[in-house]
Amino acid sequence: FSASSTLQFQAAAPTAWRLDVPIITFVVGPSSTQLSVAAKDALGNVTGTSRSVVISSTDAQIELSKDNAIFTAAPLGITLSPSTGSTAFYVRIAGGGYRTALLSAVDTLAAGALSADSDNIVINPSIASSAALFLPSSGVAGAPLLLSATALDSGGEPASSTAVGSLSSAST
């Protein structure tokens, strides 16, 4: 005997805005990074909404765009309407030194407002010049160890980089 069934789940009413900000270092320059925002229900599921959200930052050297063509100073903000789920927007860094800046997503209406969300981004004006490798100081024979690498600028701060590397062992 066998049987099958199809279940469909529907997200509940939205309760909060959620920014999708990857853990990367943003670099100063003309290129932009695509991020997204979505309305989510109490369980964290993306859901549709008729509401709008304002994305902004108090950092005057951050620029935001809906279309990756026309950029607006982040303190002025941009308004998005993610009616059917996650909506993309773009972030570009115009200048400044190494710092952390806060991006915010705030509902445009006070009545029944969805909870706001915010997330820090790391900004570095420099390119990577070295990499730091991190490995636990001890381990168990036969068990894997987690190796991590961080790109660093000449001042030792985390920097943005795309690199290819290889590892080898000379142990006997």
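Draft legend 1. Region of interest: the side chain of Asp 59. When you line up the elements, Asp 59 lands in the loop between strand E5 (53-56) and strand E6 (62-65). On the accessibility criterion, Asp 59 (13% relative accessible area) is buried. Within the local environment of Asp 59, its side chain forms a polar contact with the side chain of Arg 99, the two groups lying 2.6 Å apart. Residues within four places of Asp 59 in sequence aside, it is in contact with Ala 74, Pro 75, Arg 99, Ala 101 and Ile 123.

Draft legend 2. Up close: the pattern of salt bridges. Inspection of the entire model under this criterion finds three salt bridges. Notably, a salt bridge pairs Arg 51 with Asp 107, separated by 2.8 Å at the nearest N-O pair. In this pair, Arg 51 is assigned in the loop between strand E4 (46-47) and E5 and Asp 107 in strand E10 (residues 99-107), connecting sequence segments 56 residues apart.

Parameters at a glance
- Residues numbered from 1 in each chain as written.
- Predicted model: local features only at pLDDT ≥ 70, side-chain atom pairs only at ≥ 80, totals over all residues.
- Heavy atoms only, no water.
- Helix = DSSP H or I, 4+ residues; strand = E, 2+ residues; numbered from the N terminus.
- Buried < 20%, exposed > 50% of the residue type's maximum accessible area, 1.4 Å probe, protein only.
- Polar contact = N/O pair within 3.5 Å; in protein donor to acceptor, adjacent residues only side chain to side chain.
- Contact = heavy atoms within 4.5 Å.
- Salt bridge = Lys/Arg side-chain N within 4 Å of Asp/Glu carboxyl O.

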